[in-house]
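Commentary on secondary and tertiary structure
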Amino acid sequence: EQDTIDKLLHEADFALLPGDYRPQGRFKSNNKTTKAILAGLPVATDGDELRSLIDPEARTKYMREQYATIKEEYDVRKSVDQMKEIIAEAQRNRNV
(Lines give C-alpha, C1' and ligand atoms only; values in the text may rest on other atoms or scores of the structure.)
Protein backbone atom coordinates (compact mmCIF):
# COMPACT_ATOMS: atom_id res chain seq x y z
CA GLU A 1 0.00 0.00 0.00
CA GLN A 2 2.80 2.46 0.90
CA ASP A 3 4.55 1.68 -2.40
CA THR A 4 1.37 2.62 -4.26
CA ILE A 5 1.08 5.89 -2.35
CA ASP A 6 4.73 6.75 -3.00
CA LYS A 7 4.34 5.96 -6.72
CA LEU A 8 1.25 8.16 -6.98
CA LEU A 9 2.99 10.99 -5.15
CA HIS A 10 5.87 10.93 -7.62
CA GLU A 11 3.45 11.13 -10.55
CA ALA A 12 1.66 14.22 -9.22
CA ASP A 13 2.47 17.88 -9.98
CA PHE A 14 1.37 19.19 -6.58
CA ALA A 15 -0.50 18.24 -3.41
CA LEU A 16 -3.75 19.92 -2.42
CA LEU A 17 -3.93 19.96 1.38
CA PRO A 18 -6.59 22.41 2.55
CA GLY A 19 -6.14 23.84 6.02
CA ASP A 20 -8.19 22.53 8.91
CA TYR A 21 -10.15 25.49 10.20
CA ARG A 22 -11.98 23.59 12.93
CA PRO A 23 -11.00 24.51 16.50
CA GLN A 24 -9.16 21.21 16.96
CA GLY A 25 -7.26 21.85 13.71
CA ARG A 26 -4.83 24.11 15.53
CA PHE A 27 -3.39 21.02 17.25
CA LYS A 28 -2.69 19.16 14.02
CA SER A 29 0.86 18.81 12.80
CA ASN A 30 2.08 19.81 9.38
CA ASN A 31 3.51 16.35 8.69
CA LYS A 32 1.53 15.88 5.46
CA THR A 33 2.80 19.17 4.08
CA THR A 34 6.37 18.42 5.10
CA LYS A 35 6.28 14.90 3.66
CA ALA A 36 4.76 16.11 0.39
CA ILE A 37 7.47 18.73 -0.07
CA LEU A 38 10.23 16.25 0.79
CA ALA A 39 8.67 13.91 -1.80
CA GLY A 40 9.07 16.68 -4.36
CA LEU A 41 5.51 18.03 -4.40
CA PRO A 42 4.63 21.66 -3.94
CA VAL A 43 1.64 22.09 -1.62
CA ALA A 44 -1.43 24.26 -2.17
CA THR A 45 -3.80 24.95 0.70
CA ASP A 46 -6.32 27.08 -1.19
CA GLY A 47 -7.39 28.15 -4.67
CA ASP A 48 -4.96 31.06 -4.89
CA GLU A 49 -1.98 28.85 -4.05
CA LEU A 50 -3.23 26.20 -6.47
CA ARG A 51 -3.46 28.75 -9.30
CA SER A 52 0.04 29.97 -8.53
CA LEU A 53 1.42 26.42 -8.85
CA ILE A 54 -0.01 25.84 -12.33
CA ASP A 55 3.09 27.46 -13.82
CA PRO A 56 5.99 24.94 -13.82
CA GLU A 57 8.53 27.70 -13.11
CA ALA A 58 6.52 28.81 -10.08
CA ARG A 59 6.44 25.21 -8.84
CA THR A 60 10.20 24.94 -9.25
CA LYS A 61 10.80 28.20 -7.35
CA TYR A 62 8.37 27.16 -4.59
CA MET A 63 10.09 23.80 -4.19
CA ARG A 64 13.56 25.30 -4.08
CA GLU A 65 12.52 27.67 -1.30
CA GLN A 66 10.34 25.27 0.70
CA TYR A 67 12.68 22.31 0.45
CA ALA A 68 15.61 24.38 1.73
CA THR A 69 13.50 25.70 4.61
CA ILE A 70 12.32 22.24 5.62
CA LYS A 71 15.78 20.72 5.43
CA GLU A 72 17.09 23.48 7.68
CA GLU A 73 14.23 23.85 10.16
CA TYR A 74 13.16 20.21 10.49
CA ASP A 75 16.60 18.78 11.13
CA VAL A 76 16.26 16.10 13.80
CA ARG A 77 19.59 17.22 15.28
CA LYS A 78 17.91 20.47 16.31
CA SER A 79 15.26 18.49 18.18
CA VAL A 80 17.96 16.47 19.92
CA ASP A 81 19.75 19.66 20.98
CA GLN A 82 16.47 21.13 22.28
CA MET A 83 15.74 17.99 24.29
CA LYS A 84 19.24 18.02 25.76
CA GLU A 85 18.73 21.64 26.85
CA ILE A 86 15.35 20.86 28.42
CA ILE A 87 16.84 17.93 30.35
CA ALA A 88 19.83 20.00 31.48
CA GLU A 89 17.55 22.83 32.64
CA ALA A 90 15.32 20.38 34.52
CA GLN A 91 18.38 18.92 36.23
CA ARG A 92 19.64 22.38 37.20
CA ASN A 93 16.22 23.34 38.59
CA ARG A 94 16.04 20.08 40.49
CA ASN A 95 19.31 20.84 42.25
CA VAL A 96 18.23 24.33 43.32
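The paragraphs below set out a description of the structure included in this document.

Calculation criteria
- Residues numbered from 1 in each chain as written.
- Predicted model: local features only at pLDDT ≥ 70, side-chain atom pairs only at ≥ 80, totals over all residues.
- Heavy atoms only, no water.
- Helix = DSSP H or I, 4+ residues; strand = E, 2+ residues; numbered from the N terminus.
- Rg over C-alpha atoms; globule rule 2.2 N^0.38 Å.
- Buried < 20%, exposed > 50% of the residue type's maximum accessible area, 1.4 Å probe, protein only.
- Salt bridge = Lys/Arg side-chain N within 4 Å of Asp/Glu carboxyl O.
- Expected span 1.5 Å × (residues − 1).
- Arc of directions from axis to C-beta.
- Contact = heavy atoms within 4.5 Å.
- Core = buried A, V, L, I, M, F, W, Y, C linked by side-chain atoms within 4.5 Å.

1. Considerations on the overall build of the protein chain
The number of helices and strands found in the protein chain is five helices and two strands. Starting at the N terminus and ending at the C terminus, the protein chain contains elements arranged as α-β-α-β-α-α-α. Scaling as 2.2 N^0.38, a compact globule of 96 residues should have a C-alpha radius of gyration of about 12 Å, whereas the protein chain reaches 18 Å, well beyond that. Structurally, the protein chain occupies a C-alpha span of about 60 × 30 × 30 Å along its principal axes. Here the protein chain holds 96 residues, and the buried ones make up 15% of them.

2. Topic: the pattern of salt bridges
Throughout the structure, instances matching the rule amount to three salt bridges. Its salt-bridge partner being Lys 61, residue Glu 65 comes within 3.3 Å of it at the nearest N-O pair. One end of the pair is Glu 65 and the other is Lys 61, both in helix H4 (residues 56-73) and four residues apart, which spans about a single turn. Taking relative accessible area as the criterion, Glu 65 reaches 41% and is therefore assigned partly exposed.

3. Remarks on H4
A rise of 1.5 Å per residue sets the reference length of H4, with its 18 residues, at 26 Å; its end C-alpha atoms lie 25 Å apart and thus fit the reference within 8%. All of the buried residues in H4 are Arg 59, Met 63 and Ile 70. Down the axis, H4 shows its buried residues gathered within 50° of arc, on one side only. Of the residues in H4, the exposed ones pointing more than 90 degrees away from the buried face are Glu 57, Arg 64, Glu 72 and Glu 73. Looking at the buried positions of H4, the neighbouring elements they touch are helix H2 (31-38).

4. With respect to the environment of Lys 61
Take Lys 61: its relative accessible area is 47%, and that puts it in the partly exposed class. Distance from Lys 61 to Pro 42, taken between C-alpha atoms, is 9.6 Å for residues 19 residues apart in sequence.

5. Remarks on the nonpolar core
Ala 15, Ala 36, Ile 37, Leu 41, Val 43, Met 63 and Ile 70 together form the largest nonpolar core, which totals seven residues. For this core, the elements supplying multiple residues, two or more each, are H2 and H4. Once residues within four sequence positions are removed from consideration, Leu 41 is found in contact with Leu 9, Ala 12, Asp 13, Phe 14, Ala 15, Ala 36 and Met 63.

6. Side note on the side chain of Thr 34
In this fold, Thr 34 is placed in helix H2. Not counting residues within four places of it along the chain, the set of residues in contact with Thr 34 comprises Ile 70 and Tyr 74.

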